[in-house]
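Understanding the architecture of this molecule
One-letter residues, chain by chain:
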Amino acid sequence: MLNVKRPPLPARLLDRGLEAALVGSVLGLAAGLRLGWPELRQFDFDQAQVSLAALRTARLGEPAAVGMVSSAGLPNFPGAAWIYALPFALSVDPLIASLFTGLVNVLAVLGLWWLARRAWGRWAGFTAGLLLAASPYAVFYSRDIWAQDLLIPLVVLWALAAVAGLAHGRAWAIGLCVAAAGFAPQVHYAGAALLLPTLYLAARARWWRRWRPALTGAVIAGALALPFIYTVWCCRPSVLEQLRAAGGGWQVTGQSLRHLAELGLGLGWEWYL
């Protein structure tokens, strides 16, 4: 058995202090870009829709059953309104809800740092955290009351739960991973991108042997979707007609791949300015 000599205590403390300073600088940058300049925030039709639904949920006890209308004409699930009901329960000021968006996105930067740090080491964690903290797209989509601005924190939460479920087999983590994957499309339809990776993880880790927590997560996500499904099918025929009309206009193009490439390379963001 090899006897590995540990570095002396002062060297270990200096090493830990250096890493803490690196992480603190990344989180400081993320917080400054997401929480700073409070007067420069978007509040248009989409933000108003989500805010009104969240206010009714938090202040009037009327949980939203349908979310804001998407750019494709499809009404969203009410997941975003339910999440924004948390800050609106504290204050009716939309700025507080906007700052809430920034705060959960700063926590997402911390979560991503931990994921990369755990897998590849200190400098990989620092690099991953810095890239997310300073990415123009990540900054622009983490400052406003918008369903899309909640996707990064949801994806990081899903990844944290997936790692805990895969590495340690924690039942709560498996259930949370499945529930997050099922709830993400209820916040915004783009969250459906988590469904296939979740199925892959379930097959790779043989989660059918741990079917109870996986089923619990799926049941929770399904139960959260029931108000929207019931409303569309039974109470609002006009919403169902919108779904059918939008479905008839769908097209398959390569534009999404171009947008994905621009997002990955950081191109085209300057039009926000």
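Look a little higher up for the structure.
Residues numbered from 1 in each chain as written. Predicted model: local features only at pLDDT ≥ 70, side-chain atom pairs only at ≥ 80, totals over all residues. Heavy atoms only, no water.

1. Concerning the overall build of the protein chain
Defined as follows: Secondary structure is summarised from DSSP: a helix means a run of H or I of at least four residues, a strand means a run of E of at least two, and numbering begins at the N terminus for each. A 1.4 Å probe rolled over the protein chains alone gives each residue an accessible area, and that area as a share of the maximum for its type sets the label: buried under 20%, exposed over 50%, partly exposed in between. By definition, residues are in contact when any of their heavy atoms lie within 4.5 Å.
When helices and strands are tallied, the protein chain shows 12 helices and 0 strands. Mapped from its N terminus to its C terminus, the protein chain presents α and β elements in the order α-α-α-α-α-α-α-α-α-α-α-α. Out of the 273 residues belonging to the protein chain, those deemed buried represent 39%. A separation of at least 24 residues holds for 72% of the contacts in the protein chain among residues at least 6 apart in sequence.

2. Some details on the pattern of salt bridges
The criterion, for reference: One side-chain nitrogen of Lys or Arg within 4 Å of one carboxyl oxygen of Asp or Glu is enough to make a salt bridge.
In total, this model carries 2 salt bridges according to the counting rule given. For R117, the salt bridge identified is with E19, shortest N-O distance 2.4 Å. Linking R117 in helix α4 (residues 94–120) with E19 in helix α1 (residues 9–35), this pair joins segments that are 98 residues apart in sequence. Among the residues examined, R117 registers a relative accessible area of 30% and is labelled partly exposed. One salt bridge connects E262 with R258, and the closest N-O pair in it is separated by 3.0 Å. Separated by 4 residues within a single helix, E262 and R258 lie in helix α12 (residues 255–265), roughly one turn from each other.

3. A few points about the nonpolar core
Across soluble globular proteins, nonpolar side chains have a tendency to be buried as a group. Test applied: We call a set of buried residues a nonpolar core when its members are Ala, Val, Leu, Ile, Met, Phe, Trp, Tyr or Cys and they connect through side-chain atoms within 4.5 Å of each other.
Y84, L150, W158 and V187 are the most contacted members of the largest nonpolar core, which totals 32 residues. Those elements that provide at least two residues to this core are α2 (45–59), α3 (79–90), α4, α7 (151–168) and α8 (171–187). When residues in this core are grouped by element, the largest group, 8 residues, is from α8. Formed by 9 residues, the second largest nonpolar core is a distinct cluster that contains A30, F126, A133 and A138.

4. Quick look at α7
Stated formally: Under the convention used throughout, the expected extent of a helix is 1.5 Å for every residue step, that is, one less than its residue count.
Spanning 18 residues, α7 covers 25 Å between terminal C-alpha atoms, matching the ideal 26 Å at 1.5 Å per step. The complete set of buried residues in α7 reads L151, P153, L154, V156, W158, A159, A161, A162, A164 and G165. Residues of α7 that are buried make contact with α4, α8 and α9 (195–204). Where α7 ends, the next residue or the one after it, G169, has phi of about 65°, a positive value.

5. So, α4
Filter applied, for reference: Polar contact criterion, stated in full: a pair of N or O atoms within 3.5 Å, where within protein one must be able to donate a hydrogen and the other to accept it, and residues adjacent in sequence count only if both atoms are side-chain atoms.
With 27 residues, α4 should cover 39 Å at 1.5 Å per step; its first-to-last C-alpha distance of 39 Å lies within 8% of that length. The opening residue of α4, the one whose side-chain oxygen lies 3.0 Å from the backbone nitrogen of L95, is D93. Count one or two residues on from α4 and you reach G121, which has phi positive near 110°.

6. What about the packing of aromatic side chains?
Condition: Classification of ring pairs rests on two measures: the distance between centres of Phe, Tyr or Trp rings, Trp counted by its six-membered ring, which must be within 6.5 Å, and the angle between planes, read as stacked under 30 degrees, edge-to-face over 60 and tilted in between.
Under the defined criterion, the tally for this structure stands at 5 aromatic pairs. Where Y141 meets W146, the ring centres are 5.8 Å apart and the plane angle is 5°; that geometry is what we call stacked. The exposure class of W146 is buried, given its relative accessible area of 17%. One aromatic cluster is present, formed by F77, Y189 and F228 through successive ring pairs.

7. Side note on the side chain of R122
Inspection of the secondary structure assignment puts R122 in helix α5 (residues 122–134). Judged by relative accessible area, which is 18%, R122 ranks as buried.

8. Details of the packing of α7 against α9
So the rule is basically this: Only the contacting stretch of a helix is used when fitting its axis, a line to C-alpha atoms as for every element, and angles between N-to-C directions run 0 to 180 degrees. Orientation labels follow simple angle bins: below 35 degrees gives roughly parallel, above 145 gives roughly antiparallel, 65 to 115 gives roughly perpendicular, and whatever is left gives oblique. Each residue gets one of three labels, nonpolar for Ala, Val, Leu, Ile, Met, Phe, Trp, Tyr, Cys and Pro, charged for Asp, Glu, Lys and Arg, and polar for the others, Gly among them.
Where α7 contacts α9, the axes come no closer than 11 Å and their chain directions differ by 5°. Judged by the angle between their axes, α7 and α9 are roughly parallel. Where α7 abuts α9, its residues W158, A162 and L166 lie against P197, T198 and L201. Along the lines of polarity and charge, the residues of the contact of α7 with α9 split into 5 nonpolar, 1 polar and no charged.

9. A closer look at the side chain of E19
When its relative accessible area of 13% is taken as the criterion, E19 is described as buried. Among residues more than four places away in sequence, those in contact with E19 are W113, R117 and R122.

10. Some thoughts on the packing of α3 against α4
The description of two helices packed together rests on the angle between their axes and the distance between the axes. So the rule is basically this: Here a crossing is called left-handed whenever its near helix is offset anticlockwise from the far helix by less than a right angle, and right-handed whenever the offset is clockwise.
Packing of α3 against α4 leaves a shortest axis separation of 8 Å and a crossing angle of 125°. Relative to α4, the element α3 lies oblique. Considering how the two elements wind past one another, α3 and α4 form a crossing that is right-handed. Mapping the contact onto sequence places I83, Y84, P87 and F88 in α3 and P94, I96, A97, F100 and T101 in α4. Among the residues forming the contact of α3 with α4, the class breakdown is 8 nonpolar, 1 polar and no charged.

The quantities given are spatial measurements derived from coordinates; they are silent on function.
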